[in-house]
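Coordinate analysis (summary)
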Amino acid sequence: MIPLHRPAFGVGAVLAAALMPHRDAKSLQLCEAAHARASGCSEAVWLPSARAGIGWALRAAIAPNTKVIGPAYTCSVVHEAMVRAGGKVQIIDAAADSFAMHQESLQTAMTGAYALVLSEPFGHTYDLDWLAAASASAPCIRIVDSAMAVPQPELFQRLRGNDFAVVSFGAGKNSYAGWGAMGFTRDAALASRVRQLRDVMLMSGSFQLTANRAAGITLRTAAQNPIVFSLTRKLWYQARALRSRQAAASAPQTIQSTPGFPPAWLDDSTCSGEWRIPSTRIDRGLSLKNLELAEAVRSKRVALARRYQTNLAAVAGVGCPPASSFALSHYTVRADARIRDRVKEELYRRGVYTISLWAFNEHLNPADFPNAHRLCGEVICLPLSPWMNEAQVDAVCAKLKSVVAQVSA
């Protein structure tokens, strides 16, 4: 089975970072400077998570109750960051045929004093120049949520003024390094303010944290070996199926919907570790290792995505995403919501592990965001790993085509 999130580095790189003498450990400042040089941005700010960077950058730029516009189709932690920033949140539905926000609704919202949060799911990007031209007034700040991206200069050359982009190093991301994220901007004052907010929030590091981080990253990296991955996923899948059957037998048959953001998001004391836990020399070292590998990883991911695009372009029942020159985290297709879960189950039985990432956010009302709600039921993320080859992509495509035809019949 092909691992979905196999890092670009191996266990040896993790051990090298863990065993690095303390006096040789890369400092936070050196790590930031290296990412700034690689991105072509004047400022890079280390963050404990992308969500923290979104929240702090918004808080640094907006006045209380400023309108903060963001997408319905995104991870719930993006909405959490928007709420915690203190703005008046306005959510925009997805377009009928893309992962992006509906253009006309977005244009209508971009008036007066506002901030804009742009999530770029799976690495699919917004046209930032078009957005600037289409808006009636300039935003207080534009957040570009590139959490799933591979850092490359072209990604950050799009940034203007006080735009603030975030890339995640967390589990399941293209730039996995064990922990943390990086923020990018051309605005030195904004970068300084975000660092101030970060430093107030972060807990102190410890030897135990470093040891735990080393063990966790080593195990996660080793588990992404194809043989180990196949075994562990099989055991996990069997256990999940058992838990699902038990839950179905005992759970009530009605689903309760509670639209509205959780009140806990208004209290900084409820922030999770993703807002508080610091870096270690291990994850800093691995993030620098990823910079060395970034171009090779980017070009491989782009090439494999093109192979998927060619193979699946004319397959009935499979909706392909738009072509992208940027590296994608997965190749994300869409299938009719009535058969999507059955397609995923059958693919798993044939050795293709897929995910869908986001269920529809429970704090939103499906009736208000029908496109995002439908999208959450259609998405299938196919593996797109730099360790893959074209023959493996061809095999995944053949299985998908067969399964969709079988399930649709």
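It should be noted that the structure appears before, not after, this text.
Everything numeric in this text was worked out from a predicted model, so none of it was measured.

Okay, the pattern of salt bridges next. Evaluation of the coordinates by the stated rule reveals 19 salt bridges. Its salt-bridge partner being Arg 84, residue Glu 80 comes within 2.9 Å of it at the nearest N-O pair. Highlighted residues: Glu 80 and Arg 84, both in helix 4 (residues 76-84), separated by 4 residues, approximately one helical turn. You'll find Glu 80 and Arg 84 in the same group, each marked buried. For Glu 346, the salt bridge identified is with Arg 349, shortest N-O distance 3.5 Å. A residue pair is termed a helical-turn pair when its members lie 3 or 4 positions apart in one helix, as Glu 346 and Arg 349 do in helix 12 (residues 340-349) at 3 residues. On the basis of relative accessibility, which here comes to 17%, the residue Glu 346 falls in the buried class. With a relative accessible area of 59%, Arg 349 lands in the exposed category.

Residues Leu 58, Tyr 73, Ile 141 and Phe 164 are the most contacted members of the largest nonpolar core, which totals 50 residues. Once residues lying within four places of it in the same chain are set aside, the contact partners of Leu 58 are Val 68, Ala 81, Met 82, Ala 85, Ala 115, Val 117, Ile 141 and Ile 143.

Strands belonging to one sheet form pairs held by backbone hydrogen bonds; the direction of such a pair is parallel or antiparallel. Read across the open sheet, the 7 strands follow the order 1-7-6-5-4-2-3; overall the sheet is mixed. With partners counted over all chains shown, the strands left at the sheet margins are strand 1 (43-47) and strand 3 (88-92), one partner each. When strand polarity is set aside, the average angle formed by the axes of neighbouring strands in this sheet is 20 degrees. Pairing of strand 2 (residues 67-71) with strand 4 (residues 114-119), which is carried by 3 bridges, proceeds in the parallel orientation. Each bridged residue has a counterpart across the sheet, and for Lys 67 the counterpart in strand 4 is Tyr 114. The strands touched by helix 2 (residues 28-39) are strand 1 and strand 7 (181-185); relative to strand 1, the strand with the most contacts, the crossing angle is about 130 degrees.

What counts, and where the lines are drawn
Residues numbered from 1 in each chain as written. Predicted model: local features only at pLDDT ≥ 70, side-chain atom pairs only at ≥ 80, totals over all residues. Heavy atoms only, no water. Salt bridge = Lys/Arg side-chain N within 4 Å of Asp/Glu carboxyl O. Helix = DSSP H or I, 4+ residues; strand = E, 2+ residues; numbered from the N terminus. Buried < 20%, exposed > 50% of the residue type's maximum accessible area, 1.4 Å probe, protein only. Core = buried A, V, L, I, M, F, W, Y, C linked by side-chain atoms within 4.5 Å. Contact = heavy atoms within 4.5 Å. Pairing = 2+ DSSP bridges. Axes fitted to C-alpha atoms, helices over the stretch in contact; angles between N-to-C directions.

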